[in-house]
Every structure is written in C-alpha cells, then in structure tokens.
Amino acid sequence: MLEIPNSAPIPLEEAQRLVLSAVQPLTVTRIPISEAHGYCLAEKLTAVHDVPQYDRSSVDGYALQVKDVRMANRSNPVKLHCLEEIPAGVIPTKTILPGTASRIMTGAPIPKGATAVVKVEESKIAEDGTGDIWIYQSVSSGEAITRKGEDMAKGTMLLPEGTLLGPVEVGLLALFGVSSVLVHVKPKVSILSTGSELVAADQPLSPGKHRDSNGVMLAGQIREAGGNPTYLRIVKDDPDLLAEQMLKALQKADVLVTSGGVSMGDYDYLGLAFEKIGAKVIFWKTLVRPGMPVLFGMWHHKPIFALAGNPASSYVNARLYLLPAIRRICGWRDPLSKHVMARCDERIEAKQMPHTRFLRGFVYTSQTGELRVKIAAKQSSNVLSSFLESNCLVKIPGGQGFEADEPVEVELLGTLGERVGMGTV
Ligand SMILES: Nc1nc2c(c(=O)[nH]1)N[C@H]1C(S)=C(S)[C@@H](COP(=O)(O)OP(=O)(O)OC[C@H]3O[C@@H](n4cnc5c(N)ncnc54)[C@H](O)[C@@H]3O)O[C@H]1N2
Ligand code: MOO
C-alpha cells in the first residue's frame, strides 16, 4: 500500500497547474519541411515576400481594357486584336493598348495596360484568320485579377512560435521558400504496465489473468499528442523489480508513464518504487473521476506519470495530465485540451461528491443544427469498450448535475479536438 504524507486529493486545475509548471520544452532542431508535420515551431516566421508576387489572372481568358468592352454583350460583341498568349510562368512582352487584348492563362502575370480579364467562355476567335477576337461580356475594373500581396503581404506574420505544423502550415512554408524549420524535439516517452495479473496481447489467458490494454492504448494517445512512445513491458507487483525497470526506462526516456498500482491495495507499489529510485512526489490522488488515484513526480527533471490501472481511468488520467505535459514539452503555447458547449440529451444526476466527473459521450449535430451530446450507457472505470460509441468527454463539475437540454462542457477526443478554438497568436 502507498505511504505518502500530505496526500489529500487535489482539484483538477491544481493538478494540471503542477504538471505544467514542472515540465518545459526540450532542445530545438532544424528539420526539412517534408518531415515537419506534427512538430511545433520553435521560431517566429514572417512573410519574406508578397503572395502573389505580381498581379495575376484568376481565370483563363483575355486581359484587356475595361473601357473597350463597356457595351459588350451576347448580341453586341466587341472586336479586339489579340497581341500574344501568356501561359502561367511566362512574362508578358506586349502592353495592352485600346482595341487590343492578350490571351492569358490562370496564374499568369497580368500584362501592362490591362485593367481586367474576361473569361474565355465569353469570347470567340474571329474566323477571318486575323487573330482578332470577339468579346461578349463587359467587366468591371480589376475583375479576375488577383493583386500582388492580396493573399499575404511582405512583412506580415506568417507563423508565430509555438504553432503546431499541420498540412496547411507546411504548405505555407513551402509557398514562402522556407525549406527547413526550427522545431522542438519530440519527447521520448517510455511506458510500463504494472500488475502481476497482466499478460501481453500475444499470450494465452490463464484463469484470473487479464490482458494489458493500457500499454498500447497509452502509446496511441502519446503519439496523438506529439510524443514518441515506447511500450516497454509488463512489470510484476514487486517493488524492487518495479524500481529497477523504472530506472532503466528513465535513463533512456524523457518521460516515464506507468499504469496500475497507485491505489490502496496491498500490491500497489508505485509509491514505494518512487521512494526506492529517489523520485520526488508532487501529488497523489485528485478530485477527479475516473482516475482519482494518479501519482505524479519528478526524477532528475524527468516527469513520471503513474496512472490508475483501470483502462478508462488510465485514458482520462493521460488526457488530463500526461498529454498536456507532452504538448508543453513539444512546444505548444496552449497545451490544455479545448472544450465546446453542447446541449445534453438527458438529465445528468448530481452526485454528492466534490470530484469533477468526466462522462463518455457522443457529440452530434441535431436536425436543427444544434450541437448536442448523448451520454454513453457504460461509465465504469474498468470499461474500455464504451469509448467506441464516444467521441468526447463531458465535464461535470463537483456536486453538479444538469437537466436535459442544458448546455454542458465537452472535450472532443482525438487530434481534431485539440485544435478546436486554437488561436494562432
Ligand atoms: N480501498 C480502495 N480501493 C480502491 C480505491 C480507493 O480509493 N480505495 N480506488 C479505486 C479506484 S478509483 C481506482 S481507479 C483503482 C485504481 O487502482 P490502481 O491504479 O492501483 O490499479 P490496479 O489495482 O493495478 O488495477 C485496477 C484494475 O485495472 C486493471 N489493469 C491494471 N493495469 C491494466 C492494464 N495495463 N491493462 C488493462 N487493465 C489493467 C487491473 O487488472 C484491475 O482490474 O483502484 C480502486 N480501488
Ligand atoms: O478514480 Mo477510479 O478511476 O474512478 O475507478
């Protein structure tokens, strides 16, 4: 059993504050943008030139002068003389003068003298072989011209430090000629599953034994948060063995995660193992369900997260403490999970306890376009399967309940959820 002084359960917010103040980003490294997806930017980048860099056509058509085609329509076309053809990537050589036009492709630079572009569908090449064209439409000044700097002007902020690099961000980097970027190194996170009852997924199950599902589950969560997980092994309930394996893991990794053995049982040895390896306990037990028992501490500046063994408790513990810590280490500016509000389908009964509760639920859009949430039937901390019918956690503050149709706070699960409401500055 754990012997930890001053171990009164602490509120969620305090536990998260203690975790985030104990960790910081690792070193930075420069990597090619082709490998930068999922990393966090460790430098601030500004637009080094305008995009586009020149006025360009947004359609295939004819660059011309607006005043020449003011009266043009289907029954009254205007004849212009075509000077040249301008494919994308080619600089025009002729200036558009009254009575002339140049055939231009989408993305090609606008020739001097042109004030608009008419789509090719609104034109016809004259059949007399003179190179003249008929224009069937009038246009307003600037039509179908994308102006220099309209997308982004030189000198504006491109990406602030701490930006999570996704497909759009790396695309923008390429657009501005940034071929490599400074990013925060991803932490190496080692995972140990503790419990003499546990067997690996590829082993037969003898009576009384139970398969280790937390190890690979935690590895997936860690990867989603940007860490590099290594699932090491199952460790039996033996404090010396546990201490030995924890030390080995800590020597190789930046962060250690264990699951199981943190409650009040006779074989819950994580506290003793912390003591044996000389790790400092920062907190044990929180006012949160599931996942009330969770031991957090440090070993030589390396954080150790000893999560509760029940699968749902482990999952929620990881979301609340481990993943924000990984995101902070990865350089995220705002590492805590984001939430949205959704109306609850059913009544949620209040419980006479101070614990913040996280219920598994399914967020959906109703026929009227409203965000609603349905609470999953099975909520026990030893049930993992109900996450299959869930895409969120509904946060219920201590002692509170909700009537049906009341708005509740919801954390979307998965990578998308982390980006909801994420600012860019
Ligand atoms: N007297 C008390 N007993 C318990 C308390 C308490 O306050 N007083 N808290 C309960 C709560 S809440 C939780 S949560 C659990 C957490 O206990 P542990 O972290 O010590 O976890 P274990 O006892 O080792 O295991 C609990 C349960 O989960 C299964 N398990 C463990 N590891 C894995 C794994 N890697 N993959 C799948 N399943 C795993 C294990 O077999 C047990 O069934 O304590 C309550 N008890
Ligand atoms: O705090 Mo425990 O995870 O509810 O069973």
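Residues numbered from 1 in each chain as written. Chains lettered and ligands numbered in written order. Predicted model: local features only at pLDDT ≥ 70, side-chain atom pairs only at ≥ 80, totals over all residues. Heavy atoms only, no water.

A few points about the environment of Glu14
Item 1. For Glu14, the position within the fold is in helix H1 (residues 12-22).
Item 2. By relative accessible area, Glu14 is classed as partly exposed at 31%.
Item 3. Linking Glu14 and Phe283, residues 269 residues apart in sequence, is a C-alpha distance of 9.8 Å. (Helix = DSSP H or I, 4+ residues; strand = E, 2+ residues; numbered from the N terminus. Buried < 20%, exposed > 50% of the residue type's maximum accessible area, 1.4 Å probe, protein only.)

Digging into the sheet that holds strand S17 (residues 255-259)
Item 1. Pairing is mixed across the open sheet formed by 6 strands, whose spatial order is S16-S13-S17-S21-S20-S18. Here the strands that pair on one side only, and so sit at the sheet edges, are strand S16 (228-235) and strand S18 (280-284). Within the sheet, the average angular offset between the axes of one strand and its neighbour, ignoring direction, is 20°.
Item 2. One ladder, built from 7 bridges, connects strand S13 (residues 188-194) with S16; its direction is parallel. The residue of S16 that forms the bridge with Lys188 is Asn228.
Item 3. Relative to S18, H1 is tilted by about 155°, and along the sheet it contacts S18, strand S20 (295-299) and strand S21 (302-307).
Item 4. Against the sheet, helix H4 (residues 239-252) engages S13, S16, S17, S20 and S21, with an angle of about 165° to S13. (Pairing = 2+ DSSP bridges. Axes fitted to C-alpha atoms, helices over the stretch in contact; angles between N-to-C directions. Contact = heavy atoms within 4.5 Å.)

Describing the pairing of strand S5 (residues 78-86)
Item 1. Here S5 pairs with strand S9 (residues 132-135) via 4 bridges, running antiparallel. Bridging from a neighbouring strand, Lys79 pairs with Trp134 of S9.
Item 2. Bridge count for S5 against strand S6 (residues 100-104) is 4 bridges, and the pairing is parallel. Each residue of the ladder has a partner; that of Glu85, found in S6, is Arg103.

Notes on the site of ligand 1
Item 1. Taken together, 22 residues surround ligand 1, and among them Glu197, Asp212, Ser213, Ser263 and Gly309 come closest.
Item 2. Contacts to ligand 1 include Ser213, whose backbone N or O atom sits 3.0 Å from a nitrogen atom.
Item 3. In this structure, an oxygen atom belonging to ligand 1 sits 2.8 Å away from a main-chain N or O atom of Gly309.
Item 4. Bound to the protein, ligand 1 loses 71% of the 880 Å² it would expose on its own.
Item 5. Taken together, the residues of the shell around ligand 1 break down into 6 nonpolar, 11 polar and 5 charged. (Near = heavy atom within 4 Å. Polar contact = N/O pair within 3.5 Å; in protein donor to acceptor, adjacent residues only side chain to side chain. Areas by Shrake-Rupley, 256 points an atom, 1.4 Å probe, with all protein chains shown as cover. Nonpolar A, V, L, I, M, F, W, Y, C, P; charged D, E, K, R; others polar.)

Some points on the pattern of salt bridges
Item 1. The final tally for this structure, using the stated rule, is 18 salt bridges.
Item 2. When the shortest N-O distance is used, the salt bridge between Glu409 and Lys395 registers 3.8 Å. Linking Glu409 in strand S26 (residues 407-412) with Lys395 in strand S25 (residues 392-396), this pair joins segments that are 14 residues apart in sequence. (Salt bridge = Lys/Arg side-chain N within 4 Å of Asp/Glu carboxyl O.)

Some thoughts on the sheet that holds S9
Item 1. A sheet is described by the order of its strands in space; here 6 strands give the open sequence S7-S4-S6-S5-S9-S8, paired in mixed fashion. The open sheet has two edge strands, strand S7 (116-119) and strand S8 (123-125), and neither has a second partner. Taking the axes of each pair of neighbouring strands and ignoring which way they run, one obtains an average angle of 40° across the sheet.
Item 2. Pairing geometry for strand S4 (residues 61-64) and S7, over 4 bridges, is antiparallel. Bridge pairing links Tyr62 to Val118 in S7.

Points about the site of ligand 2
Item 1. Taken together, the residues surrounding ligand 2 are Arg289, Pro290, Gly291, Met292, Pro293, Asn310, Ser313 and Ser381.
Item 2. Between an oxygen atom of ligand 2 and a side-chain N or O atom of Ser313, the distance comes to 2.3 Å.
Item 3. Here the shell around ligand 2 is built from residues that sort into 3 nonpolar, 4 polar and 1 charged.

Concerning the confidence of the model for the protein
Item 1. Predicted confidence across the protein gives a mean pLDDT of 94, with 96% of residues reaching 70 or more.
Item 2. Contacts from residues 421-425, a stretch scored under 50 in pLDDT, to residues over four places away or in other chains number 7 contacts.
Item 3. Of the two predicted TM-score estimates for the complex, the pTM is 0.88 and the ipTM is 0.98. (pLDDT = per-residue confidence, 0-100.)

Brief notes about the pairing of S20
Item 1. Counting buried positions over the 5 residues of S20 gives 5, a clear majority of the element.
Item 2. Of the strand pairs in this sheet, S18 and S20 are connected by 4 bridges, and their pairing is antiparallel. Bridging across to S20, Phe283 finds its partner in Phe296.
Item 3. In this structure, S20 lies alongside S21, joined through 5 bridges in antiparallel fashion. The residue of S21 that forms the bridge with Gly297 is Ile304.
Item 4. What sits between the antiparallel neighbours S20 and S21 is a turn of 2 residues, in which His300 has the positive phi angle 45°.

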